[in-house]
Amino acid sequence: MIGHSIPQQARNTKLKRGRGAHILEDDHDRPLCRANDTAAALWELCDGRTTVDEMVAAIAELSSLPEAEVRDDVTRALSELAIVNAIEWLTPRGDVQQP
Amino acid sequence: MAQGTSPPADLAVIESSTAAAVRVLVATPAPLLRYALRTALNCEPDLTVVAEFGDSETTLLAVRRLVPDIALVDAELPPAGGIATSVKIKESDLPTRVLVIGSHPDRAELLAVIEAGADGYLTKSSDVDEIASALRQLHTGHACVPPEMLNVLLRDLIDRRRAGGEVLERFGRLSRREREVLALLAEGLDHNLIAAKLFVSAHTARTHIQNLLEKLEVHSRVEAVGLALEHNVISRSSQALRQETP
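Here the residue numbers are simple positions, counted from 1 along each chain's written sequence. All chains are assigned letters beginning with A, and all ligands numbers beginning with 1, in the order in which they are written. Whole-chain, interface and lining totals are the exception, using all residues; otherwise, since this is a predicted model, local features are given only for residues with pLDDT of at least 70 and side-chain atom pairs are given and counted only at 80 or more. Note that water and hydrogens are dropped before the side-chain values are worked out from all heavy atoms of the structure.

K.L.:
A description of the sheet that holds strand β2 (residues 14-16) of chain A should follow, citing residues and the corresponding values.
P.N.:
All names here are of chain A. Judged by pairing direction, the sheet is antiparallel, and its 3 strands sit side by side in the order β2-β3-β4 without closing on themselves. With one partner strand each, in any of the chains shown, β2 and β4 (31-35) form the two edges of the open sheet. Between one strand and the next, the sheet's axes are offset by a mean angle of 25 degrees, whatever the strand orientation. Two strands pair if DSSP finds at least two bridges between them. Helix and strand definitions follow DSSP, with helices as H or I runs of at least four residues and strands as E runs of at least two, each counted in order from the N terminus. The sheet contact formed by β2 and strand β3 (residues 22-25) spans 3 bridges and is antiparallel. Its bridge partner lying in β3, Lys16 is registered against Ile23. Residue contacts are counted whenever heavy atoms from the two residues lie within 4.5 Å of one another. A fitted line through C-alpha atoms serves as each axis, taken over the contacting stretch for helices, and the angle formed by two N-to-C directions is quoted from 0 to 180°. Taken strand by strand, helix α1 (residues 37-45) contacts β2, β3 and β4, and its axis lies near 150 degrees from that of β2.

Written as structure tokens, this is what we have:
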């Protein structure tokens, strides 16, 4: 699903921050999943314009970790966020991809 | 102040009794905060506050003399400010790492702190555990930012890369001749000298300059050269020019 797709926060999802662990909730305040600091930051970057490549490059630069390693982690985290419907994937044309 | 000069006698230097502990220098103008940080951090077996100060000048002097592992610097440290103080500490080539503590989460302040070369940023809303944890993290060579501000840094990096990419794309529009002209502009040549160097008329040189200004979307030669230097394009152009010239 990732390929050239662009992640976007699913409509009406929100992040409730806690100390060290955060919760993503739907519009009825039902928890979708718990997120660590990095996953929460990643979810916040999902604006429908920022590509996975851009996220990977920025995290790799900030953490001084190899891009390949960061890409695996980012891909896994985004896949998990998509599974719980906290994000959706857009095609490069801006259409929402159906799961 | 000269490097190596002894600090004045009224400096609050508290030499550590725990040799292996991370040595922290606290710099904040708030006496109560200094007291609270010293008391709390000295309760941690692996941390020790070696000195505390309320102004930037004495702090810089003491950092040079004591070379603490970490300087915990208040963003509002008078008179220079915490960010300028951080720059000075980092410029001194000492191994001291710098953790800036701001009043509240402030995007611009965080970015200024990182730009200053500091190693971490926290706010005064952090509890003792968070500050202690940040100090340990810094001591092991890691950077530290409040988790809720991680996305600010990442967004800034992404925006900078995008801006850099757009500028490089503009340079990509230049013809080989225009790149040559840009490299000569960077060497300080005017259109007459460029014309002579490239064996073209002054009118042609001026036209090349005008075209490259339009393609780079800048208004002056100085701006074009500045943009090229900022994005390391001049050196590449000059090198290409040298390689292409028999």
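What follows picks up the thread again.
K.L.:
Tell me what's going on with the interface of chain A and chain B, and back it up with residues and numbers.
P.N.:
Taken residue by residue, the interface counts 17 residues in chain A and 14 residues in chain B. In this description, buried area is defined as the sum, over both parts, of the accessible area (probe of 1.4 Å) that is lost when the two are combined. When chain A packs against chain B, the two sides together hide about 1,500 Å² of surface, and 58% of this comes from carbon and sulfur. A per-residue breakdown of the area chain A buries against chain B is headed by Arg19(A), Leu45(A) and Leu62(A), which together make up 32% of the total. Each polar contact in these results corresponds to two N or O atoms within 3.5 Å; when the atoms are within protein, one needs to be able to donate a hydrogen and the other to accept it, and residues that are neighboring in sequence are counted only if both atoms are side-chain atoms. Remark: the boundary between chain A and chain B carries 8 residue pairs in polar contact (both at pLDDT 80 or more). Elements with a minimum of two residues in the side of chain A that touches chain B: α1 and α2 (52-63) of chain A. If you tally residues by element for the side of chain A that touches chain B, the top one is α2(A), at 7 residues.

Take it as geometry only, folks, not as evidence of what the structure does.
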